[in-house]
Amino acid sequence: MTDKKVEQPGVFATGPKNDAYAQYFIGQSYNNPLVTPGQDVSVPVSNVTFAPGCRNNWHIHHNGSQILLVTGGRGWYQEAGKPAQLLQPGDVVIAHDGVKHWHGATKDSWFSHLVITTGNSEWLEPVTDEVYNQLPS
């Protein structure tokens, strides 16, 4: 069995498979750390890439926030109790402290964003196929 071709939908390299966080994703994601603490900064920045149909679990950032800077492909962002937002290159999303949310690729597109996260992440339940499959293509 061969792996499907990994696309680089954004301007930054896709990076290796995101094995460290695989338990919090449905589908395959990739993580390319661009800035790590210890490089005279305290805020990490990574390029996260989602294969088509991949999404992360619902999660909350405590004592901080998360900024998503979309660089390639098409994806979704949804906060609990609100409709999902279609994301495209150039979009910026701020997940504020304590806001339950998820993000990931559309069913038919790769998706990349830079992620800047402060505070602690609390990982919650998966975004079910039932919920995800109701989103438009």
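Residues numbered from 1 in each chain as written. Predicted model: local features only at pLDDT ≥ 70, side-chain atom pairs only at ≥ 80, totals over all residues. Heavy atoms only, no water.

**Q** Would you explain the overall build of the protein chain in this entry?
**A** Of regular secondary structure, the protein chain possesses one helix and twelve strands. Reading the protein chain from its N end, one meets helices and strands in the order β-β-β-β-β-β-β-β-β-β-β-β-α. Taken over the C-alpha trace, the protein chain has a radius of gyration of 14 Å; the compact-globule value for 137 residues is 14 Å, and the two agree within 12%. Each principal axis of the C-alpha distribution contributes one length, and for the protein chain these read about 40 × 35 × 30 Å. Of all 137 residues assigned to the protein chain, the portion counted as buried reaches 40%. (Helix = DSSP H or I, 4+ residues; strand = E, 2+ residues; numbered from the N terminus. Rg over C-alpha atoms; globule rule 2.2 N^0.38 Å. Buried < 20%, exposed > 50% of the residue type's maximum accessible area, 1.4 Å probe, protein only.)

**Q** When you look at the pattern of salt bridges in this model, what are you seeing that I'm missing?
**A** Side-chain pairs of opposite charge can arise where the charged atoms are in close proximity. Evaluated as defined, the whole model comprises four salt bridges. For the salt bridge of Asp108 with Arg74, the shortest nitrogen-to-oxygen distance reads 3.0 Å. Of the two residues, Asp108 sits in the loop between β10 (101–105) and β11 (111–117) while Arg74 sits in the loop between β6 (66–73) and β7 (75–79), which places them 34 residues apart along the sequence. The exposure class assigned to Asp108 is exposed, which follows from its relative accessible area of 53%. (Salt bridge = Lys/Arg side-chain N within 4 Å of Asp/Glu carboxyl O.)

**Q** When you look at the layout of surface pockets in this model, what are you seeing that I'm missing?
**A** It is a probe the size of a water molecule, rolled over the atoms, that shows where empty space is left. Computed from the structure, the largest pocket encloses a volume of approximately 510 Å³. Around the largest pocket sit 26 residues that line it, and Tyr21, Asn31, Ser46, Val115 and Thr117 are the ones nearest its centre. Elements supplying a minimum of two residues to the lining of the largest pocket: β2 (29–35), β3 (45–50), β5 (59–62), β11 and β12 (120–123). At four residues, β11 tops the list of elements feeding residues into the lining of the largest pocket. (1 Å grid on protein atoms, 1.4 Å probe; cavity = no way out; pocket = protein on both sides within 12 Å on 5 of 7 lines; lining within 4 Å. Points joined across faces, edges and corners; volume = space filled by probe spheres on them.)

**Q** Please clarify how the packing of aromatic side chains should be interpreted in this entry.
**A** Geometry of an aromatic ring pair is reported as the spacing of the ring centres plus the angle between the planes. Using the criterion set out here, one finds eight aromatic pairs in the structure. Taking the centre distance of 4.7 Å and the plane angle of 10 degrees together, the rings of Tyr24 and Trp123 count as stacked. Here Tyr24, found in the segment before β1 (25–26), pairs with Trp123, found in strand β12; they are 99 residues apart in sequence, far enough to count as distant. With a relative accessible area of 22%, Tyr24 lands in the partly exposed category. (Phe/Tyr/Trp six-rings, centres within 6.5 Å; stacked < 30°, edge-to-face > 60°.)

**Q** Is there a simple way to think about the environment of Ser109 in this case?
**A** Looking at the secondary structure, you find Ser109 in the loop between β10 and β11. Taking the C-alpha atoms as reference points, Ser109 and Val35, 74 residues apart in sequence, are found 26 Å from one another. Leave out the neighbours within four places in its chain, and Ser109 touches Phe50, Ala51, Pro52, Gly73 and Arg74. (Contact = heavy atoms within 4.5 Å.)

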